[in-house]
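# An overview of the molecular structure
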Amino acid sequence: MESEALMSTFLRRGVLWPTAEIYGGIQGLYDYGEAGSSIKRNLEAAWERWFVGLSPGYYRIEPAEILPEAVVRASGHLANFADPLVKCNACGEEYRADTLLEARGVQDAEALRGEELQKRLVELKIRCPRCGKAEFTPPKAFNLMFGFDWGAQSEERAYLRPETAQSSYLAFPRMWNAMRKKLPLGVAVVGKAYRNEIAPRQVLFRMRAFTQAELQIFFDPEGLPDSWRVPPDFSVPALTARDREKGAKEATLQKLSDLVAQGQMPEFYAYHLMQTYRCYRDVLGYPEARLRLFEKNEKERAFYNRIQYDFEAHLDSLGGFKELGAVHYRGDYDLTKHSEGSKTDLGVTLENGRHILPHVLELTFGVDRNLWALADLLMKKDGDRTVWSLPPYLAPKLAGILPLIPKEHGEDALRLHRRLVAEGFHVVLDDSGSIGRRYARLDEIGTPFAITVDRDSLTNQTYTLRERDSKAQRRVTVEELAVALRKASLFPTPHSEVRN
RNA sequence: GCGGACAUAGUGUAGUGGUUAGCACGCAAGCUUCCCAAGCUUGCAACCCGGGUUCAAAUCCCGGUGUCCGCACCA
C-alpha cells in the first residue's frame, strides 16, 4: 500500500499521529493511539513468545533507559556517535572533518578533537571536494546520542541509550548468577532507544525515539548446543555478500545447509537465521515473496560484527527493501569492552572448569518498523473496502459484536459481549450504522472476526461468525464461538515442526 | 543539515485580495433496514503558528514549525 493511503488510514482511525500535533508537531516522534498501541503490544508479545521461547535459558529483563557516560564510552558510542562537522565557507557544503582527513591518509582521525582537527585541516591545506576552496568553519560536534547533565549539581554526564543491547551486556553478570550459571544464556529487552537523527523521515522508519526488541544470546563458541542445527532443505531468499560481489542484485532461494557447507557461515548462525525467518513468515505473516535476507559486507557492517544479515521487506510505501531487524554475530567484542571499561572480569567459569568470555549473538527487531511494514504488506483494497489481514493474535481486537438491528438485538449483544469479555477475549461492541458499514470498520483495523446477533439468536442462542478476509459466515453456538476465538489466538512456537 | 515543493473540517480536496470558505467521504442523531461502507431527514466539523503589506489576507511578503522529493546522514 502507498504511504499516503496508509498514513491517512492511520490518522483517520487513530492508529497513530505526530506527537504534539496541536503545537505543530515535533520531528521524529509519533504517538500510538488505541489500535496502534494494541497492535504494538501484541507484536511485542508475539516477538517475546517466539524468541524468549527459543530456549529455557532465555529471559526478559527491563533495564533503565539512561546510561552513565562510562558505559557509552566503553561501548564505543561516544566516539562513533559524535561526528565533527565542518562547513565549507565558500559553497556551504558540509563534511565530516575526520572523513576529509582520512581521505588524505591521516590515520585515526576519528580520535582527534575539535581544535586538532581544525589545525590538521589547515596544515594539510584540505580543500572542499566540491568547490576547491580551503576555508572551513570550526568543527562542530554533532552527537547522535541525547546527552544531558545529571544530578542535583549537574555534576555528571548521562545519555539516553542509543540501543537496548548495551543494557543487556551490563546485566550479564547478574543474570549469570541469578539464572543458575548456564550457557547459552539469553537476555531479552523490549524497550525504547533514542537517537538524535539528523533527518528523521518515513514515519515509523526513522524515529528519534523508537522501540527495539532484542535478544542477546551469550554462548560458548566451543560448546554449542546440539539443537543449533539446520535441516538439510530449509531455504531462505538470500542476497549474500559473495553473490553481490559477483554482481547479483536480487535474492535467490538458498539452502542454509549449502551456505554452511560452503563455509559462508557457521551452522549455529544459520540456525538462528532460520528461526528468525520462521518468526517473520509463520508468526508475523510476512509474505515470503516480499522478504529477503541481506548480508552486509565487511565495509557495510559495524566493525564489531563478524557476520551480519539484515532481514528486509519490500515495501511499496517506502519504495524498496527496508531493514526490519538483523542477526549479528558480535563475538566477544562487547564483553571485552565492558570488562575493560568497568575493570570487572565478565568472564565465567563453566562446569567443566574452563574460564571463558562468552560470545554474543544478537537478534534485533524494530517494533515500530515492523508495525508499519505489516500495514504496508497486509493492508489491501478489496473493492471499496480496506482489509488489514493481520494474524488474529496481532489484531487490536479479536472480534466485533454487532446487533443486526440495534433496537431489537442490542440487549442480547451486550450480554454476549460481557460473556466473551469475562472469558478473556478482546472484543468490541458496535451498534452504530448499517451492518455493512460496521463490517467495513472492523476490516480496516484488522479485526479478524465479526459476530452478528440476529433474530435467530434470540430464540436459539446461535450467532453468525464472519471471517474477515473471506467474508464467509457460519452459524455457531456460544461454545463454538469461544473455541474458534481461542484457536485463532494461538501462536506458532519455534519448536513446532519446521516446514520449508 | 542543504536544495526544491507543499500546508484548508477526522480523511481527501475546491477556492489567485472582498465567498454565509464549497464538495465528497466520515462522524453523530432520527427514520428505515434480517447481513457487507444502501436510502431519506437533520446535524457536527477547517484556512499550521507568528509577524508584515493592505480599507480588506485562506489568498501577497518575511520568519518559524511540520510534511513530501532529491543530496548528505543512518554507529
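Cut-offs applied
- The written sequence of each chain sets the order in which its residues are numbered from 1.
- In the order they appear in the text, chains get letters beginning with A and ligands get numbers beginning with 1.
- Given that the model is predicted, a residue must reach a pLDDT of at least 70 before its local features are reported, and side-chain atom pairs must reach 80 or more before they are shown or counted; all residues, however, enter totals for whole chains, interfaces and linings.
- Excluded from the side-chain calculation are hydrogens and water; included are all heavy atoms of the structure.
- A run of H or I in DSSP counts as a helix once it spans at least four residues, and a run of E counts as a strand once it spans at least two, with each numbered from the N terminus.
- Should any heavy atoms of two residues lie within 4.5 Å, those residues are counted as being in contact.
- Boundaries of every domain are those given by an automatic assignment or by a domain database.
- Accessible area, probed at 1.4 Å, shrinks when two parts are joined; the buried area is that loss added up over both.
- Simply put, an axis is a line fit to the C-alpha atoms, just over the touching stretch for a helix, and the angle between two N-to-C directions goes from 0 to 180 degrees.
- For classification purposes, angles smaller than 35 degrees are called roughly parallel, those larger than 145 roughly antiparallel, those between 65 and 115 roughly perpendicular, and all remaining angles oblique.
- It is the rotation of the near helix from the far one that decides the hand of a crossing: anticlockwise by less than a right angle makes it left-handed, clockwise makes it right-handed.
- Side-chain classes follow a simple rule in which Ala, Val, Leu, Ile, Met, Phe, Trp, Tyr, Cys and Pro form the nonpolar group, Asp, Glu, Lys and Arg form the charged group, and the remainder, Gly included, forms the polar group.
- Paired rings are identified among Phe, Tyr and Trp, the last through its six-membered ring, by centres lying within 6.5 Å, and are further divided according to the angle between planes into stacked (under 30 degrees), edge-to-face (over 60) and tilted (the rest).
- When a residue's accessible area, from a 1.4 Å probe over protein chains only, is under 20% of the maximum for its type it is buried; when over 50% it is exposed; and in between it is partly exposed.
- The angle separating two fitted axes, one through the seven residues that finish at a residue and one through the seven that start at it, defines the bend at that residue.
- Summary of the distance rule: residues count as near a molecule or strand when at least one heavy atom falls within 4 Å of that molecule or strand.
- Polar contact criterion, stated in full: a pair of N or O atoms within 3.5 Å, where within protein one must be able to donate a hydrogen and the other to accept it, and residues adjacent in sequence count only if both atoms are side-chain atoms.
- A pair of strands is treated as paired once DSSP finds two or more bridges between them.

### Description of the environment of Ala193
Here Ala193 is to be found in strand 10 (residues 185-194). Residues Ala193 and Ser227, spaced 34 residues apart in sequence, show a C-alpha to C-alpha distance of 32 Å. Once you skip the residues sitting within four places of it in the chain, Ala193 turns out to touch Arg161, Pro162, Glu163, Thr164, Arg208, Ala209, Phe210 and Gln212.

### Section: the domain arrangement of chain A
What the domain assignment lists for chain A is domain 1 (3-79 + 145-379), domain 2 (82-143) and domain 3 (388-488). Computed over C-alpha atoms, the centres of domain 1 and domain 3 are 37 Å apart. Each partner contributes residues to the interface: domain 1 has 20 residues there, and domain 3 has twelve residues. Interface area, domain 1 with domain 3, both sides summed: about 1300 Å², of which 61% is carbon and sulfur.

### Examining the packing of helix 2 (residues 34-51) against helix 10 (residues 267-283)
Relative orientation of the contacting elements helix 2 and helix 10 amounts to 140°, with a least axis distance of 11 Å. By the angle between their directions, the pair helix 2 and helix 10 is classed as oblique. Here the hand of the crossing between helix 2 and helix 10 comes out right-handed. For the pair formed by helix 2 and helix 10, the contact residues are Ala46, Trp50 and Phe51 on the first element and Gln275, Thr276, Arg278, Cys279 and Val283 on the second. Considering only residue class, the contact of helix 2 with helix 10 consists of five nonpolar, two polar and one charged.

### A closer look at the packing of aromatic side chains
In the structure shown here, the tally under the stated rule is 22 aromatic pairs. Aromatic side chains Phe219 and Phe268 sit 5.0 Å apart centroid to centroid with 50° between the ring planes, which places their arrangement in the tilted category. With Phe219 in strand 11 (residues 209-219) and Phe268 in helix 10, this residue pair connects regions lying 49 residues apart in the sequence. Using a relative accessible area of 1% as the deciding quantity, one classes Phe219 as buried. What makes Phe268 buried here is its relative accessible area of 7%. When the centroid spacing of 5.3 Å and the interplanar angle of 70° are considered together, the rings of Phe303 and Tyr304 count as edge-to-face. The class for Phe303 is exposed, based on a relative accessible area of 57%. With a relative accessible area of 17%, Tyr304 lands in the buried category. Ring pairs connect the aromatic residues Phe219, Trp228, Phe268, Tyr271 and Tyr329, which therefore count as one cluster.

### A word on helix 13 (residues 406-422)
Along its length, helix 13 shows its largest kink, about 25°, at Asp412. Three or more residues of helix 13 are buried, namely His409, Asp412, Ala413, Leu416, His417 and Leu420. Tucked inside the fold, the buried residues of helix 13 contact strand 22 (399-403), strand 23 (427-429), strand 24 (449-453), helix 15 (455-460), strand 25 (462-467) and helix 16 (478-488). After helix 13 finishes, the residue Gly424 shows a positive phi value of roughly 95°.

### As for the protein's contact with RNA strand B
In the vicinity of RNA strand B, 43 residues are found, and the nearest of them are Arg195, Arg437, Tyr439, Arg441 and Arg455. Backbone atoms, meaning sugar and phosphate, form 46% of the atoms of RNA strand B found within 4 Å of the protein. Between RNA strand B and the protein, one listed contact pairs a base nitrogen with a side-chain N or O atom of Arg466 at 2.7 Å. Of all the secondary structure elements, the ones that give two or more residues to the surface near RNA strand B are helix 1 (3-12), helix 4 (77-81), strand 6 (94-96), strand 21 (385-388), helix 13, helix 14 (435-444) and strand 25. Top contributing element to the surface near RNA strand B by residue count: helix 14, with seven residues.

### Overview of the sheet that holds strand 3 (residues 58-60)
Strand order in the open sheet formed by nine strands is 3-10-11-19-16-15-14-12-13, and the pairing between neighbours is mixed. Each edge of the open sheet carries a strand with a single partner, namely strand 3 and strand 13 (252-255). Geometrically, the sheet is characterised by an average inter-axis angle of 30° between neighbouring strands, direction not taken into account. Against the sheet, helix 7 (residues 165-178) touches strand 3, strand 10, strand 11, strand 16 (320-331) and strand 19 (359-366), its axis set at about 40° to strand 11. Helix 10 contacts strand 3, strand 11, strand 12 (235-239), strand 14 (291-295), strand 15 (307-315), strand 16 and strand 19 of the sheet and is inclined by roughly 20° relative to strand 15.

### With respect to the sheet that holds strand 8 (residues 147-150)
Spatial strand order, 4-9-8: three strands in an open sheet with antiparallel pairing. Of all the strands in the sheet, just strand 4 (66-68) and strand 8 have a single pairing partner and so form its edges. Here the average twist between neighbouring strands, direction ignored, is 40°. Taken together, the four bridges between strand 8 and strand 9 (residues 156-160) define a ladder with antiparallel strand orientation. Across the sheet, residue Phe148 finds its bridge partner in strand 9, namely Ala158.

### Side note on the pairing of strand 9
In this structure, strand 4 lies alongside strand 9, joined through three bridges in antiparallel fashion. What sits directly across from Leu67, in strand 9, is Tyr159. Between strand 8 and strand 9, which pair antiparallel one after the other, the connecting turn spans five residues, and Gly151 there sits at a positive phi close to 105°.

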